[in-house]
Amino acid sequence: MSVCPDTALATTDTAATADTADVDPACTAAAPLPVLGRDVRVPLVTGGEVTYAALDYAASAPALQRVWDDVAAYAPYYGSVHRGAGYLSQLSTDLFENSRKTVAEFLGCREADQVVFTRSTTDSLNLLAGVLPADTRVFVFETEHHASLLPWEQRSDLTVTYLDAPGTPQQAVDTLEKALATREPYGPALVCVTGASNVTGELWPVRELAAAAHAHGARIVLDAAQLAPHHPVDIADLDVDWVAFSGHKLYAPFGAGVLAGRADWLQTAEPYLAGGGASRTVARREDGGVAVEWHTTAARHEAGSPNVIGVYAIASACKALTEAGFDTLVARERELIAKVRAGLAEVPEVKVLSLFGDDADRVGVLSFVVEGWNSSHFAAALSAEYGIGVRDGLFCAHPLVRTLLGSDPQDPGACGAPEGRGTSLNAIRVSFGAGTPDEHVERFVRAVAELVTDGARWSYRTEEGRCVPDRGAAV
């Protein structure tokens, strides 16, 4: 069976032919992959409106136009997966399983690897934590996102070793090797590491860390949530055992994620969820209970009706990124990173946060603090006065941000600049990608300089712990 009718579900490059006649040229110039929202206008507290600059890709990237078009074309043909004999059910099942193949190709999976569809990176790593053999030793750097820092603590039969934040990529490898060398030379072990920091954007030495893990008999899982949207991720080339990522960071909405890699621990563990789809056969026992035979395929951990649209969206995004070419995307993103870094360097009051130093390679994610500013106040002013969306806080990576800030804040602080010219209690993060036009980062750099030099043009107040514009209260 064909995955979809030629007239409705053809996965041609719909983004390339999208009607952009009514879109402000400044919104689309130089953005390699058109995204939804590129023409959205937002009001400014100072009057008028401006095209919204979405610079919070690290939290959730906007959906690619192509992904949206592919999903819209499929929607009328939506049907139950693995459940029905009807045409739409068979078509949807075919599409779902072909999406699995697309993701496997995107990740460079080995022949025996499994691709399990989940809800998110967090869900993927919690699934993996659940299938680890008893008494597994887990090694994780304190610099990880909470999604990869916390799941291992949910099981009392695992031993977790937290590693200090390294100052260089080589120190990360040395720290891991030293920690692994101290463990007993038997029993299962797992290393969990990010590919790119969600705070600093810095790339981690994944291949070298994988080699160190395997040299000491440990396995390794790569949190690729921030890496996969920006750089190619090849399981075989990196020699990692598993990769986890989220669709919503890969320009694919609808709440799906991926855990891909070695099948053995997945096949022998109890299902992540017990229910339909995970079970091969269920029968009553003579003692009154039920006997269950679970699937050994990816279905073992995909109980219930799956998120077909979310999975298809991920596959569509994988195709779009592959066809655009990561060499082209990476080169262009480096230009944007250089533009942002050069602009921030012109403002002495701005300090960019980094573990590995200014020369470290990174994706389009940078965090910084501004001397004399509360970060929530600064982020609110960027939004209200310039139409720029960034993020402020600790970014679900509290130990890392506090290490970088050299502080351990207990109070998020009040709105507005604190007394004196001290360090912000939190940080500000700007992040961008393949859908970001040059104008957005240029506006951001200009806005930072103007806010630091001239101050905010509007008054702000604290509301439920966040800074918001005080309506009708210009400075």
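The structure displayed is predicted, hence computed values, not measured ones.

The rules behind each value
Residues numbered from 1 in each chain as written. Predicted model: local features only at pLDDT ≥ 70, side-chain atom pairs only at ≥ 80, totals over all residues. Heavy atoms only, no water. Helix = DSSP H or I, 4+ residues; strand = E, 2+ residues; numbered from the N terminus. Buried < 20%, exposed > 50% of the residue type's maximum accessible area, 1.4 Å probe, protein only. Contact = heavy atoms within 4.5 Å. Areas by Shrake-Rupley, 256 points an atom, 1.4 Å probe, with all protein chains shown as cover. Core = buried A, V, L, I, M, F, W, Y, C linked by side-chain atoms within 4.5 Å. Pairing = 2+ DSSP bridges. Axes fitted to C-alpha atoms, helices over the stretch in contact; angles between N-to-C directions.

Draft legend 1. Molecular detail of the overall build of the chain. Across its full length, the chain holds 14 helices and 19 strands. Residue burial in the chain is summarised as follows: out of 475 residues, 54% are buried. Considering only contacts in the chain between residues 6 or more positions apart, those separated by 24 or more positions represent 71%. For the chain, the accessible surface area stands at approximately 19800 Å², while carbon and sulfur atoms represent 51% of it.

Draft legend 2. Focus on the nonpolar core. By size, the foremost hydrophobic cluster in this structure holds 85 residues, and its most contacted members are L107 and F245. Looking at this core, the element that brings in the most residues is helix α10 (residues 308-324), giving 9 residues. Contacts of F245, omitting those with residues within four sequence positions, involve V103, L107, S120, T121, A224, A225, A228, L250, G257, V258 and I314. Counting 36 residues, the second-largest nonpolar core is a separate cluster that includes V45, A53, I337 and A381.

Draft legend 3. Structural detail: the sheet that holds strand β10 (residues 257-261). The mixed open sheet is built from 7 strands, whose spatial order is β4-β10-β9-β8-β7-β5-β6. Whereas interior strands pair on both sides, the edge strands pair on one side only; in this sheet they are β4 (114-118) and β6 (159-163). Averaged over all neighbouring strand pairs, the angle between strand axes comes to 20°, with direction disregarded. Where strand β5 (residues 137-141) and β6 come together, 5 bridges link them in parallel fashion. Residue pairing for β6: V140 is matched across the bridge by Y162. Against the sheet, helix α3 (residues 87-106) contacts β4, β9 (242-246) and β10, and its axis sits at roughly 115° relative to β4.

Draft legend 4. Focus on the sheet that holds strand β13 (residues 350-352). Read across the sheet, 4 strands follow the order β13-β14-β17-β16 without closing on themselves; strand pairing throughout is antiparallel. Two strands in the sheet have a free side with no partner beyond their single neighbour: β13 and β16 (391-393). When the angles between neighbouring strand axes are averaged without regard to direction, this sheet yields 30°. Where strand β14 (residues 365-370) and strand β17 (residues 427-431) come together, 4 bridges link them in antiparallel fashion. Opposite F368, over in β17, you have I428 as the bridge partner.

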